[in-house]
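Observations on the model geometry
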Amino acid sequence: MKQSLLGLLTKLLSIKFSNKSNKENLYKKELFYFLKSKSGVYNKFLQVLCITHKFMDGWSGAKEYAVYSQANGEYIDVKKVIPKIDEYKSISENPISIGSFSQVYKAVTNENRVLALKVLKPSIKQHLKRDLRLLKRLVKIASIFLPSSFIDFNKAINEFNEI
């Protein structure tokens, strides 16, 4: 089930006021699973954290590293979203690859050239600005619980926005 930002904050606060040791790793784990439960921008930000920072150190295992292959597909009517559709003899009905932001389809042009068409997911287009605003809020919350222990969240969000 997808968790809300308020739900994450509640979990982080319960860790803060608990008697548990190694709170930093518990915070990172909660943040990880919150981002992993999302898609698009959140999933991509999680991937950036995992690759470029020591976010996974001290608590994660092989199961958590599956974050790099978790992208979910969406139905896209490619015939409606591809410009100049009449230039293609065929386009695969199902994607041949799925990423956080887009899906790739096999296409054959009228000249029999085989191409890969990368199509932005509709949900990304619809929710990108809102998701980026929420992600910035999440970064502020994470900074409270993990002030400077392993990552500068503001730097991370700025790096992510440049992608």
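Residues numbered from 1 in each chain as written. Predicted model: local features only at pLDDT ≥ 70, side-chain atom pairs only at ≥ 80, totals over all residues. Heavy atoms only, no water.

**A word on the overall build of the protein**
Definition in use: Strands here mean DSSP runs of E at least two residues long; helices mean DSSP runs of H or I at least four residues long; both are numbered from the N terminus. Only protein chains enter the area calculation, which uses a 1.4 Å probe; residues under 20% of their type maximum are buried, those over 50% are exposed, and those in between are partly exposed. Residue contacts follow a heavy-atom distance rule, with two residues in contact if any of their heavy atoms lie within 4.5 Å. The Shrake-Rupley method, run with a 1.4 Å probe sphere, supplies the accessible areas, and residue values consider only the shown protein chains as cover.
When helices and strands are tallied, the protein shows six helices and four strands. Secondary structure elements of the protein, listed N to C terminal, follow the sequence α-α-α-α-β-β-β-β-α-α. Per-residue burial over the protein gives 38% buried out of 163 residues. The long-range fraction of contacts in the protein, counting pairs at least 24 apart against all pairs at least 6 apart in sequence, stands at 54%. A total of about 10100 Å² of accessible surface is found on the protein, and carbon and sulfur atoms cover 53% of it.

**Focus: helix α1 (residues 5–16)**
Convention followed: Expected span, for any helix, means 1.5 Å times one less than how many residues it has. Here the arc refers to the set of directions running from the helix axis out to each C-beta atom.
Look at α1: 16 Å from first C-alpha to last across twelve residues, which is about the 16 Å you get at 1.5 Å a residue. Taken residue by residue, α1 has L8, L12 and I15 as its buried positions. Considered in projection along α1, the buried side chains sweep an arc of 55° and stay on one side of the axis.

**With respect to unusual backbone geometry**
Despite not being glycine, K84 shows a phi value in the positive range, around 55°. Mapping K84 onto the fold places it in the loop between α4 (78–81) and β1 (88–91).

**Let's talk about the pattern of salt bridges**
Operational definition: Whenever Lys or Arg places a side-chain nitrogen within 4 Å of a carboxyl oxygen from Asp or Glu, that contact is recorded as a salt bridge.
Taken as a whole and assessed by the stated rule, the structure comprises four salt bridges. With a shortest N-O distance of 3.9 Å, K80 and D77 are connected by a salt bridge.

**Topic: the packing of α1 against helix α2 (residues 23–36)**
We count it as follows: To get an axis, fit a line to the C-alpha atoms, keeping to the stretch in contact for a helix; angles then go from 0 to 180 degrees between the N-to-C directions. Every angle not falling under 35 degrees, over 145, or within 65 to 115 is termed oblique; those three ranges are roughly parallel, roughly antiparallel and roughly perpendicular. Left-handed describes a crossing whose near helix is turned anticlockwise from the far helix through less than a right angle; right-handed describes the clockwise counterpart.
Close contact between α1 and α2 brings their axes to 10 Å; oriented N to C, the two are set at 165°. Put simply, α1 runs roughly antiparallel to α2. As α1 packs across α2, the resulting crossing turns out to be right-handed. Of the residues in α2, those touching α1 at L5, L8, K11, L12, I15 and K16 are K23, L26, Y27, E30, L31 and F34.

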